[in-house]
Amino acid sequence: MNQPHTDGKLGSSLLGRQDTSSPQFRLLQGVHETFARAVETALSTFLQSEIQAGLGEISVVTLADFKKTLPSPTCVIGLRLHPRQDSMVLHVDSSTVFMLLELLLGGKGESAPVAPRELTEIEWSLLEEVVRVLVRPLGESWRDFHETEFEVISLGSDPTLLPCPDPSRPMVRIAFTLKLGEQTGRFEMAVPQSFFETAAPPDEPEHALAVAPPQADLDRNLALLEDAAVEVEVRLQGPTLQFEELMELKAGQVLTFDYSLHKPVHATVNGV
């Protein structure tokens with residue numbers, strides 16, 4: 001997905017007005033679409049099941065309003081966003097939690113939905129393992145905004161007990177869907193809007209963030225590059241073979257590289 005060049009900055013006024021056509025909003029959307037693909041891979045690998053993840057709605061709400069929309073009992077997790085003083089809320093609905101825990105314990109996640117209830121201490125410990133898998137790709141995706149490390153600061157089933165020092169604080173609410181066969185689930189996060197906002201540099205007017213090259217210029221530049229010749233080299237960084245063994249290879253022998261199909265390869269274009 002092509003994303004507009006915005007230097008990782010979100011203008012507060014545009015995000016606050018829910019302007020879905022703005023470069024700032026498209027950046028936010030693109031970052032979390034990338035996160036959804038990454039968390040799909042991470043969860044599928046961790047739980048040994050094919051899980052599909054997708055980005056849902058992005059909106060701005062107050063912290064108080066966000067709390068009011070959460071059912072009870074449910075699963076709400078408070079996370080500190082180090083090195084900043086901000087914290088976020090991760091909400092995973094009960095049916096999704098039980099589906100994930102069943103997969104973690106070796107099941108197939110196809111059991112009948114369980115009625116919402118409070119988790120046991122052991123279930124909370126298991127859920128923390130799943131949460132670590134969730135936030136690892138989130139930290140990588142958020143590098144466009146800040147380097148972030150996550151610390152679990154609260155676990156609970158009652159949303160009304162969430163700390164709410166500033167009920168009117170604007171939060172960016174980002175929802176995601178999870179799908180396992182015929183089962184569907186969801187999780188969402190509420191992140192302080194200020195986390196995604198960075199003031200434009202003093203010598204750069206804010207409106208300059210939205211400026212994009214005319215399409216005609218892009219087409220002309222691409223046409224000029226079509227006939228350019230580049231040198232591409234792809235390497236499998238892994239097993240080595242002694243030159244003596246290489247010289248002794250015979251026709252028909254098979255050389256095993258022992259390189260996973262899912263492992264990235266090292267590629268250079270003109271040496272870069």
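An account of the accompanying structure is given in this report. (Residues numbered from 1 in each chain as written. Predicted model: local features only at pLDDT ≥ 70, side-chain atom pairs only at ≥ 80, totals over all residues. Heavy atoms only, no water.)

### Quick notes on the overall build of the protein
- Of regular secondary structure, the protein possesses seven helices and eight strands.
- A total of 272 residues make up the protein; the buried ones form 36% of that total.
- Of the contacts made within the protein by residues no fewer than 6 positions apart, 70% connect residues no fewer than 24 positions apart.
- With an accessible surface of roughly 16,600 Å², the protein has 53% of that area assigned to carbon and sulfur atoms. (Helix = DSSP H or I, 4+ residues; strand = E, 2+ residues; numbered from the N terminus. Buried < 20%, exposed > 50% of the residue type's maximum accessible area, 1.4 Å probe, protein only. Contact = heavy atoms within 4.5 Å. Areas by Shrake-Rupley, 256 points an atom, 1.4 Å probe, with all protein chains shown as cover.)

### Quick word on the packing of aromatic side chains
- Taken as a whole and assessed by the stated rule, the structure comprises seven aromatic pairs.
- Aromatic pair Trp 142 and Phe 196: ring centres 5.7 Å apart, planes at 80°, arrangement edge-to-face. Here Trp 142 is found in the loop between α5 (121-141) and β4 (149-156), whereas its partner Phe 196 is found in the loop between β6 (183-192) and α6 (215-225), with 54 residues between them in sequence. Both residues of the pair, Trp 142 and Phe 196, belong to the buried class.
- With a centroid separation of 5.2 Å and 90° between ring planes, the pair formed by Phe 195 and Phe 196 is classed as edge-to-face. Phe 196 carries the same exposure label as Phe 195, and that label is buried. (Phe/Tyr/Trp six-rings, centres within 6.5 Å; stacked < 30°, edge-to-face > 60°.)

### Points about the layout of surface pockets
- Its boundaries defined by the atoms lining it, the largest pocket holds a volume of some 270 Å³.
- Together, 16 residues line the largest pocket, and Leu 63, Ser 87, Val 89, Pro 163 and Pro 165 are the ones closest to its centre.
- The class makeup of the residues in the lining of the largest pocket is nine nonpolar, four polar and three charged. (1 Å grid on protein atoms, 1.4 Å probe; cavity = no way out; pocket = protein on both sides within 12 Å on 5 of 7 lines; lining within 4 Å. Points joined across faces, edges and corners; volume = space filled by probe spheres on them. Nonpolar A, V, L, I, M, F, W, Y, C, P; charged D, E, K, R; others polar.)

### Some details on unusual backbone geometry
- Going from Ser 72 to Pro 73, the amide bond is cis rather than trans, its omega being 0°.
- Among the secondary structure elements, Pro 73 is positioned in the loop between α3 (63-69) and β2 (75-82).
- Residue Pro 83 is bonded to the preceding His 82 through a cis peptide linkage, with omega at 5°.
- Assignment of secondary structure puts Pro 83 in the loop between β2 and β3 (87-92).
- The residue Gln 48 is not glycine, and still its phi comes out positive at about 55°.
- Under the relative-accessibility criterion, Gln 48 is labelled exposed at 68%.

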